[in-house]
Structures are given as C-alpha cells and as structure tokens.
Amino acid sequence: MSARETTTHYIENKTYDEIAVGDSAELIRTLKPQDIKLFAVMSGDVNPAHVDPEYAKTDMFHHVIAHGMWGGALISAVLGTQLPGPGTIFLSQTLNFCAPVAIGDTITVRVEVREKQAEGRLLLSCTCLNQHGENVITGEARVIAPREKIRRPRIVLPDVHLHVQGAQYARLIEATEDLDPARTAVVHPCDPLSLVGAIDAANQGMIVPILVGPRAKIEAAALEAGHSLKGIEIIDTPHSHDAAAKAVSLVRNGKVAALMKGALHTDELMEAVVDAALGLRTERRMSHIYVLDVPTYPKPLLITDAAINIYPDLNIKRDIVQNAIDLALAIGTAQPKVAILSAVETVNPRIASTLDAAALCKMADRGQITGGLLDGPLAFDNAISAVSVAAKGIISDVAGDADILVAPDLEAANMMAKQLIYLAGADAAGVVLGARVPIILTSRADSPVSRLASCALAQLFISKQTQV
C-alpha cells in the first residue's frame, strides 16, 4: 500500500514511545462561508459578527470573521487524527487569539511536541498561521498519548446541505410587498387552520378575504383560534357545497380575483369550478402546480400535475406545461427549464410517455408552447442531477437544472411530490391555473409559511396577468 493510500484511507496514531520532542503535524484549511454556517449550526453561536454581513460591516473588523473556536476545532482535529492521533486523551488547551480569520483566508494549523512528561503525558505547542505567515492563534495543549498502536479506516463524512427552512418562500412573499392584495373568496373556512391561513395572508397584505360558508361555524373557528373577524366580510351559506357554488359565482360576477380552499374536499370545490354551465372553465385545461422548497435543490422546483388530471393526453399535457411555465414566469424565472419526465431519457415506442415528451418538445419548437425551454424524455435523476447528466453524457440545457418537472400522470406527480415532502423535508405550496382565476389549494399538513407562499403564488400570477 502506498503512502498516499495510507493517509487517504486510514487514520494511524503515534504511540507515546514512538513520539519524540520536536515531532509535528499540520493541516491546511481555507475558510469558506459554509464553514461559518456549519459551525454556527453545530454550536448555536449566532453572534452577528460571524453570521450577519450587514452588522459585521459596522464592527471593528468591518467584515464577517470566523468563530474563534473554529481554529480551536482544527487544532483538536490535528491532535485527534495525526499527532498523537486516535486514542489521545485531551487534558487541557490554551488559546491566544492574535488576529481575525476572514472568508478566503488559508490557515495552516501546526502542533509540535515540546515536552514528554511522566505517565504518557505530552505538552504540545499549537499555532494557526494565515496565508501571510501571521499568527492568528497560538497556545498549548496537554494530552495523554496512546500506548497502543491504532490504525483505523478513515470515516467518510456525509455531504451536508445547508438549508434555511422557508428561504425560497420568503423570497416569494417578499416579492408581493408592493402588489395590491387580491380579493379572494375563502371557501368554507370552518376550521382554525384554514381560517388562520386566510387571516395571516390578509395581515401580510396578500389578500382581501371574503369568507364564504356557514357563519356560525366560521365564527366558532375564529373563537377557537383566538382571532377577530372584525372588518372581514362573511357570506353565510348552509353548507360547503353551497359555499363552493357561491364562491364561484363571486368570480363570475367579477367580485373576487382568486379562490382559496378552506375546510372542504378538493373534489367538492373543483366540482363547482368545472361545472359546464356555471363554472370557471376557459379554453385552457386546468392543472395543479406544486412549488416545492426542497432542502437539497438550489431553487424552487415546480411539479405538475399532481391533483387534477389523472391520465392526461397530449393536448392536456400541452396545457399543463403552459400553465406551469406561466406560473414560473410570474414568480420571476426568466426562461423556465421544463423537464418532461418518463422512466428513461430516450424515445421508446413502447413507453407512451416518451412519445408525448418528444411531441411536447416539438410543439414548443413550433410555438404551440411558449415562454419556456423544454427537453424530454428525461428520467427524474437526469432532470435534477448534474452528476447524473454528466455520467450519462446527456447534452441538454435543461437536464440537471430543471425548474419544472412534468410527470406522465397524476399518480407519478403526486408520489414524486409527496416523497420530496416526507422524505426530503420539502415544503409545498401550490395553485390551480387554467380557470378564470387562480385557485389556492392548501392541505391540512401545510405549514403556515407554505400557506402564505400559496397565496403569494396567486398574487404574483394575478399581477403578471394584469401586466400582460
């Protein structure tokens, strides 16, 4: 085995008997923004000098600096993995902080044996130097060195993805600050969860809610939630079915610009919406679009259609794609990248979804779908993973960087979205487009920020359509 294999794949200590005064070891590390964030998450130390760039401009250093104990942790890493290495018992450590460490600084951490003492004890000097050769930390460590030889496989650490919960949605909500609130019929908000979601959106300036449902139940829900309904219009109805019909009539009469689902089944609301005579149909097929904030994905991820069209044909898929592109444009994506999904990335006549994918891409080429960049068929991994794209040699401007995932059918879309929500920790917002107005569909499992994000989607879409 080569020396490189030994140092790369194994950790080996030096026993007390092997160590001589003057022995040393070192590591070199460049400070990255992620190092500061990870250290703050691990330690709970959110001192603004380390994590708040605006504040850091005003302090004595005028920029973000590393936590002092980040350097101390690197010293500990050298002692625990190199000299003496595994089996070392830490007794004490002194640290003198001589200069700040800024993002981009390269630190050389060095420990050197100064004394061998009785009972296996060592005294080591510890220094951290920056790229200019300046001391940033000095000190000394006292340890008990191991007596027995230890050689262990080096543990491979997991990849860490930093994610601020709700960060994508915070940007959506922030984008609505200068927009007029949308008059919104909230259908059957007869439980605290749906009622509070509507009130929160109203307080945020996103909607002007009109509560449509049994007044007594709505007032009881408000009492339970501890919220006042002062100044909020209520349209009294005997039951949820009538609430859906009344809300749809408000749209037809130009009284509201959006619908918001309350405590009733989606099917019950959509039955009134799709009614051939009294509903809200347009020449465009209606479809549902999830907008997911996925911890491991760097931007909002749209998935469609997971709630309306069970087995869409090619023409319906065209509308599904166009609805998703229109929403992506409304939330600020300049040219949405649309991945048409299947099980494989090549056209196969025995897999109908690959033929649909190829046809949709050609429809985009011919101007039948506009505003986005399409590619397909693509398997899920090829749509969102640049590593997978490189491994398979796929040449595409969409693959590995999709904004929108178009599933072959409702079952696939629903399972894909729910897997990301429950296994990957994604937050989910969503709307139905293709009707006369956007329809805000919320779920009992939605977080408060997800509910606000769904309202933001509708508000941004209305604003975009008004501009057009």
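Conventions adopted
- Note that residues are indexed from 1 along each chain, following the sequence as it is written.
- Per-residue local features are limited, in this predicted model, to residues with pLDDT of at least 70; the limit for side-chain atom pairs, both in listing and counting, is 80 or more; totals at the level of whole chains, interfaces and linings are taken over all residues.
- As a convention, hydrogens and water are excluded, and side-chain values are obtained from all of the structure's heavy atoms.
- Burial here depends on accessible area, computed with a 1.4 Å probe over protein chains only, as a share of the maximum for the residue type. Under 20% is buried, over 50% is exposed, and the range in between is partly exposed.
- Numbering of helices and strands runs from the N terminus, with a helix taken as a DSSP run of H or I at least four residues long and a strand as a DSSP run of E at least two residues long.
- Taken from the helix axis, the directions to the C-beta atoms give the arc we talk about.
- Pairs were defined over the aromatic rings of Phe, Tyr and Trp, the Trp ring being its six-membered one, requiring ring centres within 6.5 Å. Orientation was assigned from the angle between planes: stacked under 30 degrees, edge-to-face over 60, tilted for the rest.
- Criterion for a charge above a ring: Lys NZ or Arg CZ within 6 Å of the ring centre, and within 35 degrees of the ring normal.
- The term nonpolar core refers to a set of buried residues drawn from Ala, Val, Leu, Ile, Met, Phe, Trp, Tyr and Cys, joined through side-chain atoms within 4.5 Å.
- Two strands qualify as a pair provided that DSSP identifies no fewer than 2 bridges between them.
- Fitted lines through C-alpha atoms serve as axes, helices being fitted only where they are in contact, and the angles separating the N-to-C directions of these axes extend from 0 to 180 degrees.
- What makes two residues a contact is simply this: any of their non-hydrogen atoms within 4.5 Å.
- Under this scheme an angle from 65 to 115 degrees is roughly perpendicular, one under 35 degrees roughly parallel, and one over 145 degrees roughly antiparallel; angles in between are oblique.
- Helix crossings are classified by the rotation of the near helix relative to the far one: an anticlockwise turn of less than a right angle makes the crossing left-handed, while a clockwise turn makes it right-handed.
- Residue polarity follows a fixed list, in which Ala, Val, Leu, Ile, Met, Phe, Trp, Tyr, Cys and Pro are nonpolar, Asp, Glu, Lys and Arg are charged, and the others, Gly among them, are polar.
- Any two cysteine sulfur atoms lying within 2.5 Å of each other are counted as a disulfide.

(A) A look at helix H10 (residues 266-273). Within H10, burial applies to Leu269, Met270, Ala272 and Val273. Buried residues along H10 cover an arc of 155 degrees about the axis, so they all sit on one side.

(B) Here's a closer look at the packing of aromatic side chains. Going through the model one piece at a time under the given rule, you end up with 0 aromatic pairs. When the ring centre of tyrosine 16 is taken as reference, the NZ or CZ atom of lysine 116 above it lies at 4.3 Å. Directly above the aromatic system of tyrosine 10 lies the positively charged group of arginine 151, at a separation of 3.9 Å from the ring centroid.

(C) Layout of the nonpolar core. Core analysis: the biggest nonpolar cluster contains 53 residues, and Val321, Leu327 and Leu374 have the highest contact counts within it. In this structure, Leu27, Val111, Val113 and Ala145 belong to the second largest nonpolar core, which totals 30 residues.

(D) Structural context of the sheet that holds strand S4 (residues 106-116). Read from one edge to the other, the open sheet built from 5 strands follows the order S2-S4-S5-S6-S3, with strand pairing classed as antiparallel. Of all the strands in the sheet, just strand S2 (24-30) and strand S3 (89-97) have a single pairing partner and so form its edges. Taking each pair of neighbouring strands and ignoring which way they run, the sheet shows an average axis angle of 20 degrees. Bridge count for strand S5 (residues 121-129) against strand S6 (residues 135-144) is 9 bridges, and the pairing is antiparallel. Across the sheet, residue leucine 123 finds its bridge partner in S6, namely arginine 142. Here helix H5 (residues 68-81) sits on the sheet in contact with S2, S3, S4, S5 and S6, set at roughly 140 degrees to S3.

(E) Representation of unusual backbone geometry within the structure. Looking along the chain, the bond that leaves leucine 83 and enters proline 84 is cis, with omega of 0 degrees. With respect to the element layout, proline 84 can be found in the loop between H5 and S3. Along the chain, glycine 376 connects to proline 377 via a cis peptide bond; the corresponding omega equals 5 degrees. Among the structural elements, proline 377 can be located in strand S15 (residues 373-378). Its identity as a non-glycine residue notwithstanding, histidine 62 has a phi of 70 degrees, on the positive side. Structurally, histidine 62 is set in the loop between helix H4 (53-56) and H5.

(F) Region of interest: the packing of helix H9 (residues 240-252) against H10. Two elements in contact, H9 and H10, have axes whose closest approach is 9 Å; the angle formed by their N-to-C orientations is 40 degrees. In terms of orientation, H9 lies oblique with respect to H10. The chirality of how H9 crosses H10 is right-handed. Taking contact as the criterion, the partners of Ser240, His241, Ala244, Ala245 and Val248 in H9 are, on H10, Glu268, Leu269, Glu271, Ala272 and Val273. Classifying every residue of the contact of H9 with H10 by side-chain character gives 6 nonpolar, 2 polar and 2 charged.

(G) Main features of the state of the cysteines. One pass over the structure, following the stated rule, counts 0 disulfides. The thiol of cysteine 190 is not disulfide-bonded; the next cysteine sulfur, from cysteine 455, is found 17 Å away.

(H) Region of interest: the packing of helix H7 (residues 192-203) against helix H16 (residues 448-467). H16 packs onto H7 with a crossing angle of 55 degrees between their chain directions and a minimal axis gap of 9 Å. By the criterion of interaxial angle, the relationship of H7 to H16 is oblique. As for the relative orientation of H7 and H16, their crossing is right-handed in sense. Facing H7, whose interface residues are Leu193, Ser194, Gly197, Asp200 and Ala201, H16 presents Arg451, Leu452 and Cys455. Classifying every residue of the contact of H7 with H16 gives 4 nonpolar, 2 polar and 2 charged.

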